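# Architecture at a glance
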Amino acid sequence: MFVSFEGLDGCGKTTQARLLAEALAADGVDVISTREPGGTPLGEEIRRLVLHGDHVAPWAEAALYTAARAQHVAEVIRPALGRGATVVCDRYLDSSVAYQGGGRRLGVDAVLELNLAAVEGLLPDLTVLVEIDPETAAGRVGDRRDRIEQDLGALWTRVDETYRELAARFPGRYVVVDGRRSIADLAAEIRERVR
Ligand code: TYD
């Protein structure tokens, strides 16, 4: 099984991804946790370029995230799924569709198409969207700023709208949970939905 976590920066998805992986491992499931951008040496290099480099043009940004993802799928995700492991991934292609497609206005379908080509059609079985409103997200992120986090406001509003659009478009794959709830409550709900 392939589970991805999505949401705005500060929504708590990283904590929830870790808790789900721990719970599955405690149940005896063979599970690997990974994250995007990153997850491979090439991906970590790309992460550094795109998050901390100078101005990156929107399509360059989309292409870099997509390149990192292609490597991640080839090197980590497909081999793990192939040996029957469960993969829990902190962000996947929906992040590009939401941030670059919606946030940077490159177009949802254009970015989705690029990504589906790069990963040869590999979609998660389940995508957990941890929903919080953009203002709460910005408040939680506070001083922790990277390049993308610097221009919050309008960008995050469009990212949030795009995530909702994706959840409506792929109801079989998406599970939407309320990120304002306590960490423990959310973890229990997510575990239940995954089981
Ligand atoms: P993330 O790793 O979730 O942040 P952190 O580890 O700092 O909590 O994501 C880093 C940023 O990259 C985040 O602002 C979202 C952005 N991002 C994209 O814009 N497109 C993508 O395809 C991915 C994977 C991330």
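See the structure printed just above.
Residues numbered from 1 in each chain as written. Predicted model: local features only at pLDDT ≥ 70, side-chain atom pairs only at ≥ 80, totals over all residues. Heavy atoms only, no water.

### A short note on the packing of aromatic side chains
For the structure shown, the criterion picks out two aromatic pairs. An angle of 85° between the planes, with centres 6.5 Å apart, marks the rings of Tyr99 and Tyr163 as edge-to-face. Of this pair, Tyr99 sits in helix 4 (residues 93-103) while Tyr163 sits in helix 8 (residues 153-169); the two residues are 64 residues apart in sequence, bridging distant segments of the chain. A relative accessible area of 1% means that Tyr163 is categorised as buried. Seen from the ring of Tyr92, Arg69 lies directly overhead, with NZ or CZ sitting 5.8 Å from the centre. In this structure, Arg173 is placed above the aromatic ring of Phe170, and the distance from its NZ or CZ to the ring centre is 4.9 Å. (Phe/Tyr/Trp six-rings, centres within 6.5 Å; stacked < 30°, edge-to-face > 60°. Helix = DSSP H or I, 4+ residues; strand = E, 2+ residues; numbered from the N terminus. Buried < 20%, exposed > 50% of the residue type's maximum accessible area, 1.4 Å probe, protein only. Lys NZ or Arg CZ within 6 Å of the ring centre and 35° of its normal.)

### Looking at helix 5 (residues 108-118)
Buried residues of helix 5: Val108, Val111, Leu112 and Asn115, and no others. End-on view of helix 5: buried residues confined to an arc of 100°, all on one side of the axis. In helix 5, the exposed residues that point more than 90 degrees away from the buried face are Glu113 and Ala117. A positive phi of about 50° marks Glu120, the residue just after helix 5. (Arc of directions from axis to C-beta.)

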